[in-house]
Amino acid sequence: MPRAIRGVLIECDPSIKSIIVNIDSVNHDFIIEDLDEERVVVKENMVQLLKQKLEDRLKENLPPVDESGSE
Amino acid sequence: MDAVDVSEHYEVTSIDSPPSLLSIVIDTNPRAWAALDSRLSLAQAISNILVFVNAHLAFSNTNQVAVIAAHVNRAVWLYPTAQKPAAAKDNSGDVQMQDVSAETNNSSSPSANKYPQFAQIESSVFSSIQSLMAETTIQDLDQVTTQLSGALTLALCRINKASQALSSSDTTLSNAAPVNSTAPPPVKGRIVVISVSDSEPSQYIPTMNAVFAAAHNQVAIDTIALAGDSTFLQQACFNTNGIFLKASNPQGLLTYLMFGLIPDTEARESIITPTHDTVDFRTACFCHGKVVDTGFVCSVCLSIFCEPPENAECLTCGTVLALGNYGAKPAVVPRKKKKKKKIVNGSGREETGSATGTPKP
Amino acid sequence: MSNNPSLHLAEYLERLPGTTFKKLYQQPSTAFAIFRRMLPHLAKTFVMRMLFMPHPMTLNDLDVWVKPEAKRKKDQSLSILRGLHIVQISAPSKEKPQEIQLMSNFKRSLRLALTGGGNHNSFGVPSSLLIPPEIDLPFLDRYARKKWEDVLHFVVSSVGYKSVGDGSGPNKGVKELLIAGRLVDRRPNGGLGITQAGFTFLLQEANAQVWTLLLLWLDVLGNNKGSGLDPVDMLSFLFMLASLELGRAYDTNALTEERRNMLPSLVDFGLIYIPQHKRSMFFPTRLATTLTSGGNSLRTISEGVTAATQSAQTSQQSLGPLGGGGGEQQAGSVVIETNYRLYAYTQSALQIAVLALFAKLNMRFPDMVAGRLSRASIRQAINFGITADQIISYLAAHAHEQMHRTAALTNKPVLPPTVVDQIRLWQLENERMKTTSGFLFRDFTDDKDYLDTARFSEEIGVLVWRNDHARMFFANKHEQIKDFLKTRKRAE
């Protein structure tokens, strides 16, 4: 009998996906199933936290934000 | 980044489908209806048509409807009725009182069991038809045809007016805005004709003019023919991508309407509509209005005549036309007998006139 | 109260059981309202065609109606019709082909709605009392707008921006409803703060806002046994209100007692007006009568339609003009330049507060505020939970007439494409991934089961991704697939 698992399908660039896999590798508590190069299925209640962690990782790589504020 | 580079995102338009204006042209030829009375009386037909109207209005609250009667010698608005001309104003209060009383007369007891808009349309249509029939004279009863073209024109004008009102409410420069004929019109218009009489040949030209105008404005003309032979309406439906239904059972008018004619222009992209197999494409001549199979055509303006016009002058554009060799029988020239030359090398074909031989495939 | 208050009518209705629908469809006004508002165009055509058919027809016949390229639309329409319990489709079996017919309650009610008749009184019993002259359309419009703006002000002011509106906010009951519905939250310091759902609410179109609040009211009061109100009755009362005529008085004594108990809440929302000295009559306002219209009905399209039809109608009934005072909230007043500067010609504190959510306003004049959109301001909005699309549609909906005119003249879009793209880009910087919640289906024992189920989900339009090799697919809804699998199992 087939199973239906509730989750959130995440589609993104391969680079982002590898970061997600990396984040998950710490405790294995995010990913339900790794579908292909651009998609993973993640636990519904962990999506917000995952987004937060992903943002943190990406912020490390951003150039310093230059808000000139000139008119 | 693909996610951003999609041109459709620029135009943030409303997601609602544009309002649809349905115009119903009812052929009210008294003679034809009297003939049909045993199977379907005019009152029953009007009730059925009103249910159809209500169904159309139910689709969306921006949908509108207009009902026109094509009578024997004129076309009359049944709904919306023309504004009664303001009574002579002796005191400033006079006109106002009249409106109020008219309003209370119409709506003295709106029923809680009927959607108010439907009730209003129903009472308007019924009272208009009654006054129309009351004004019909004995002479009118002799006619077997109706003023279809007038009614079609009225309907088209209404659709045009509604389109303009809607498009000009967004921008105030309706004149300066470039007219884009391929853009979808702001109001989807549709005309449904309920026909009971034959087509009047002398009406051919005005009717076809109306049909071409409708085709240009993407207004579909649908017809349901309860009785009579309506050749021009078949052509009208064909030209405007409309539906033509010949009702073999007039009592089933409601079914024909609700089943065959309910898909409007938007739904027609998805639904297969009933079509008429054979369309009678015969036209009527411009000089007499007779329906002709073969005739003469002016090479400048393409008007059709059943016989060569006098002075060989086209009635529409005035060009002097030459008849050419019409009617001339080709002269039979006795054939010269050619001697067959026997060619030694080569195929035994006949000598042709030209110096070079016919090229082989 | 449910964890996730459904902010959309469609979702709310989908969750109701079939028995509720049977009760709802007894009222013609309800059937009419649901038909008008909840169905896609093709579904409406199907319903009308089947309305006067005496016998059920086979699904094959329905297929024959539709052009092959529109098959997907047809399947979607059918699934929506089934979800709303408007049609019933017989189970597939070997003896008979599948048949489809309208549910009898719905059929009867819609027919009654179209032909009139019956004694259900579901279109509102009019009052026979004389209408006081001061209660005319502009009065009702002003009244409704004031009540509604009070509600919106209350939500906006909880963001922390000072609103220069009047001190009197909405009624206590409404405030509690907003808190219970999690549009605003009680913060630890005792004040009130807005939530993400509150932002979505603020930036919605007027029609959607009204429904959001009404659905909250249904959820909270309807499920609260102590209030004595039945959500089904409340819903049909709302649909009845939607079919009333603007400007006409209706009799409160003709309503059932439960419905009379609903009136005070509706007065608080601004949907109904009850004059102080004549409590036996009530007037619906424009907020009520446009409940079943599409999203834009409180805006330009209705203005255009009224302009076109006004001259032809003898009596000023349902489509009155929006009133001179309708300018403020309806006409657009925001100008966006290609250098991201923003100017809003408005004095409405509400509108200014909303703009301040995603733009940095730096100048204020008696009749105008000016500011600019920047990465920081947009990202701040995104952090609050507003989406780029909401911002863009808000700007488009409130764009100044001048922008529309220039756009029509030069045949260009209304909002500058650079700005639109950049707002999206700023949002995308935060969103490097696309999320779709739903269900992953796997562990199919054989290929045939997998292929059939995958095909079914594709047909009803819920399939998001599939991998035939691994026999897995992802769908965003699961109820219908579950039913499909169950019937398959039974059939084996």
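Residues numbered from 1 in each chain as written. Chains lettered and ligands numbered in written order. Predicted model: local features only at pLDDT ≥ 70, side-chain atom pairs only at ≥ 80, totals over all residues. Heavy atoms only, no water.

Novice: Now, about the overall build of chain B: what can you tell me, with residues and values included?
Specialist: What chain B contains, in helices and strands, is eight helices and ten strands. Long-range pairs, those at least 24 residues apart, make up 69% of the contacts in chain B between residues at least 6 apart in sequence. Split by element, the accessible area of chain B, about 20,100 Å² in all, is 54% carbon and sulfur. (Helix = DSSP H or I, 4+ residues; strand = E, 2+ residues; numbered from the N terminus. Contact = heavy atoms within 4.5 Å. Areas by Shrake-Rupley, 256 points an atom, 1.4 Å probe, with all protein chains shown as cover.)

Novice: Any details on the interface of chain A and chain C? Residues and values, ideally.
Specialist: Interface extent is often summarised as the accessible area lost during association of the parts. With 29 residues of chain A at the interface, the matching set in chain C holds 27 residues. Both sides together, the interface formed by chain A and chain C hides about 2,700 Å², and carbon and sulfur atoms give 59% of it. Counting across the chain A and chain C interface gives two salt bridges. Here Glu-33 of chain A makes a salt bridge to Arg-442 of chain C, at a shortest N to O gap of 2.1 Å. In this assembly, chain A and chain C are joined by seven residue pairs in polar contact (both at pLDDT 80 or more). Elements represented by at least two residues in the side of chain A that touches chain C include exactly β1 (3–12), α1 (14–24), β2 (31–36), β3 (39–42) and α2 (47–61) of chain A. It is β1 of chain A that provides the largest number of residues to the side of chain A that touches chain C, a total of ten residues. A per-class count over the side of chain A that touches chain C returns 16 nonpolar, two polar and eleven charged. For β1 of chain A and strand β13 (residues 433–442) of chain C, the ladder comprises ten bridges, and the chain directions are antiparallel. Directly across from Ile-5 of chain A, in β13 of chain C, lies its bridge partner Leu-440 of chain C. (Buried area = accessible area lost by both parts, 1.4 Å probe. Salt bridge = Lys/Arg side-chain N within 4 Å of Asp/Glu carboxyl O. Polar contact = N/O pair within 3.5 Å; in protein donor to acceptor, adjacent residues only side chain to side chain. Nonpolar A, V, L, I, M, F, W, Y, C, P; charged D, E, K, R; others polar. Pairing = 2+ DSSP bridges.)

Novice: I'd like to hear about the packing of aromatic side chains, residue by residue, with values.
Specialist: Residues and elements named next belong to chain C. The final tally for this structure, using the stated rule, is 20 aromatic pairs over all chains. With a centroid separation of 5.7 Å and 35 degrees between ring planes, the pair formed by Phe-21 and Tyr-25 is classed as tilted. Ring geometry for Tyr-143 versus Tyr-273: centroids 4.8 Å apart, planes at 70 degrees, classification edge-to-face. Note that Tyr-143 is positioned in helix α8 (residues 137–157) and Tyr-273 in strand β7 (residues 272–273), a separation of 130 residues in sequence. For the residue pair Tyr-143 and Tyr-273, the accessibility class agrees, reading buried in each case. Put simply, the rings of Phe-139, Tyr-143, Tyr-273 and Phe-283 touch in pairs and so form one group of aromatic residues. The ring of Trp-65 is capped by Arg-49, whose NZ or CZ atom sits 4.6 Å from the centre of that ring. (Phe/Tyr/Trp six-rings, centres within 6.5 Å; stacked < 30°, edge-to-face > 60°. Buried < 20%, exposed > 50% of the residue type's maximum accessible area, 1.4 Å probe, protein only. Lys NZ or Arg CZ within 6 Å of the ring centre and 35° of its normal.)

Novice: Provide a residue-level description of the pattern of salt bridges, including the pertinent values.
Specialist: Residues and elements named next belong to chain C. The tally for this structure, following the rule as stated, stands at 24 salt bridges over all chains. Between Asp-63 and Lys-74 there is a salt bridge, and its shortest N-O distance comes to 2.1 Å. Residue Asp-63 is located in helix α5 (residues 59–65), and its partner Lys-74 is located in helix α6 (residues 71–83); the two are separated by eleven residues in the primary sequence. A relative accessible area of 36% places Asp-63 in the partly exposed class. A single salt-bridge network, built from bridges that share partners, covers Lys-448, Asp-449, Asp-452, Arg-455 and Arg-488.

Novice: Pulling in residues and values, what's your account of the sheet that holds strand β15 (residues 472–475) of chain C?
Specialist: The strands making up a sheet are joined through hydrogen bonds of the backbone, oriented either antiparallel or parallel. Strand order in this open sheet of six strands is β2(A)-β3(A)-β1(A)-β13(C)-β15(C)-β14(C), and the pairing throughout is antiparallel. Sheet topology places β2 of chain A together with β14 (463–467) of chain C at the edges, where each strand pairs with a single neighbour. Each neighbouring strand pair of the sheet contributes to a mean axis angle of 30 degrees, computed without reference to strand direction. Here four bridges tie β14 of chain C to β15 of chain C, and the two strands are oriented antiparallel to one another. Across the sheet, the residue bridging to Asn-467 of chain C is Met-472 of chain C, located in β15 of chain C. Strands β1, β2 and β3 of chain A together with β13 of chain C of the sheet are contacted by α1 of chain A, whose axis makes an angle of about 150 degrees with β2 of chain A. (Axes fitted to C-alpha atoms, helices over the stretch in contact; angles between N-to-C directions.)

Novice: I'd like a rundown of the confidence of the model for chain B, residues and numbers included.
Specialist: All names here are of chain B. This prediction gives chain B a mean pLDDT of 73; 71% of its residues lie at or above 70. Counted against residues more than four places away or in other chains, residues 84–109, with its pLDDT under 50, gives eight contacts. Confidence drops under a pLDDT of 50 for residues 170–182, and excluding neighbours within four residues, the segment shows 15 contacts in the predicted structure. (pLDDT = per-residue confidence, 0-100.)

Novice: Tell me what's going on with the nonpolar core, and back it up with residues and numbers.
Specialist: By size, the foremost hydrophobic cluster in this structure holds 178 residues, and its most contacted members are Met-48, Leu-271 and Leu-373 of chain C. Top contributing element to this core by residue count: helix α2 (residues 42–59) of chain B, with twelve residues. Excluding anything up to four places from it in sequence, Met-48 of chain C contacts Ala-55, Ala-58, Phe-59, Met-258 and Ile-262 of chain B together with Phe-35, Leu-110 and Leu-114 of chain C. Of all hydrophobic cores here, the second largest spans 29 residues; its members include Leu-156, Tyr-204, Ala-214 and Ile-221 of chain B. (Core = buried A, V, L, I, M, F, W, Y, C linked by side-chain atoms within 4.5 Å.)

Novice: Hey, could you go over the environment of Pro-17 of chain C for me, with residue numbers and the actual values?
Specialist: Residues and elements named next belong to chain C. By secondary structure assignment, the location of Pro-17 is in the loop between α1 (9–15) and α2 (18–24). In this structure Pro-17 comes out as partly exposed when scored by relative accessible area, which is 43%. When the C-alpha atoms of Pro-17 and Gly-83 are compared, they prove to be 9.6 Å apart, with 66 residues separating the residues in sequence.

Novice: Which residues make up the confidence of the model for chain C, and what values go with them?
Specialist: Residue and element names in this part refer to chain C. The predicted model of chain C averages 77 in pLDDT, with 83% of residues at 70 or higher. For chain C, helix α15 (residues 300–310) is the element with the lowest average pLDDT, namely 35, and strand β10 (residues 341–344) is the one with the highest, namely 93. In this model residues 160–167 is a low-confidence stretch, pLDDT under 50, and it forms eleven contacts with partners more than four residues away in sequence or in other chains. In this model, residues 296–330 is a region of pLDDT below 50 whose contacts with residues beyond four sequence positions or in other chains number 77 contacts. Across the interfaces of the predicted complex, the ipTM metric reaches 0.81, alongside a pTM of 0.68.

Novice: For the sheet that holds strand β2 (residues 87–89) of chain C, give the residues involved together with the corresponding values.
Specialist: Residue and element names in this part refer to chain C. An order of β1-β3-β2 is seen for the three strands of this open sheet, with the pairing classed as antiparallel. The outermost strands of the open sheet, each flanked by one partner alone, are β1 (57–58) and β2. Its contacts with the sheet place helix α4 (residues 41–51) against β1, β2 and β3 (99–102), and it is angled at close to 85 degrees to β3.

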